[in-house]
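Geometric and topological summary
Residue-level listing of the chains:
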Amino acid sequence: MDKKDIKLLEQLLYNLDENSIINELRKTNNSLFLHYYAANYNWNSGFDAPTAILENEACDFGTGLLMFHFADGYRMLENPDEVSSSSVEEWKDFLDKTYNKLVNLQFKSQNISFDPELTRIQKYKLKKSNPHIPDVLISKSPGEAVDIPKI
């Protein structure tokens, strides 16, 4: 990514209003840009921006996996009832959409790798409590590993 893209990322992350952010995220066709934005996003700011990324055709599988884990998808794998009984509807909806899109491989590309960095013990415990957890949710995704700049 060039300096112009980095500058736009900074504006989206820190300066622009939410409607401008959503519009930019919807119209970009740069999957790496979406990945960097998601990795630097403040997840306490709601799920409108992550949903815009998830719904963008350029969103890579690795970005979807990153967002699933950054939105605390591990908790969904560990204790699905806790998530389904949560009063935070926006969070539940985002995790459900992301989960379904990941397990059904509904991404056009798998070029950006993301590793949830779960230990063997964490994976074992998840699989022991629920042997039907798809490996794609707990394993490193295919693609090229990228260094994520801190913006």
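See the structure shown above.
Here is a short report on the structure shown in this document. Since we're looking at a predicted model, the values are computed, not measured.

Next up on the list: the nonpolar core. Ranked by size, the top nonpolar core spans 43 residues in total, and within it Leu25, Tyr37, Ile53 and Met67 carry the most contacts. Counting residues per element, the ones that place at least two in this core are α1 (3–14), α2 (18–27), α3 (31–40), α4 (48–55), α5 (61–70), α6 (73–78) and α8 (89–103). It is α3 that provides the largest number of residues to this core, a total of 6 residues. Those residues within four positions of methionine 67 in sequence are excluded, and the remaining contacts are Ala38, Trp43, Pro50, Ile53, Leu54, Cys59 and Phe94.

Before going further, it helps to spend a moment on the pattern of salt bridges. Per the counting criterion, the structure on display carries 6 salt bridges. The network of salt bridges with shared partners includes Asp72, Arg75 and Glu82.

Attention shifts here to unusual backbone geometry. The phi angle at leucine 105 is positive, at roughly 50 degrees, despite the residue not being glycine. Mapped onto the elements of the fold, leucine 105 is located in the loop between α8 and β1 (112–113). Of note in the backbone geometry, glutamate 117 takes a positive phi value of approximately 55 degrees without being a glycine. Looking at where glutamate 117 falls in the secondary structure, it is placed in the loop between β1 and α9 (120–129). A relative accessible area of 64% places glutamate 117 in the exposed class.

What counts, and at which threshold
Residues numbered from 1 in each chain as written. Predicted model: local features only at pLDDT ≥ 70, side-chain atom pairs only at ≥ 80, totals over all residues. Heavy atoms only, no water. Core = buried A, V, L, I, M, F, W, Y, C linked by side-chain atoms within 4.5 Å. Buried < 20%, exposed > 50% of the residue type's maximum accessible area, 1.4 Å probe, protein only. Helix = DSSP H or I, 4+ residues; strand = E, 2+ residues; numbered from the N terminus. Contact = heavy atoms within 4.5 Å. Salt bridge = Lys/Arg side-chain N within 4 Å of Asp/Glu carboxyl O.

Purely geometric stuff here, so don't read any function into it on its own.
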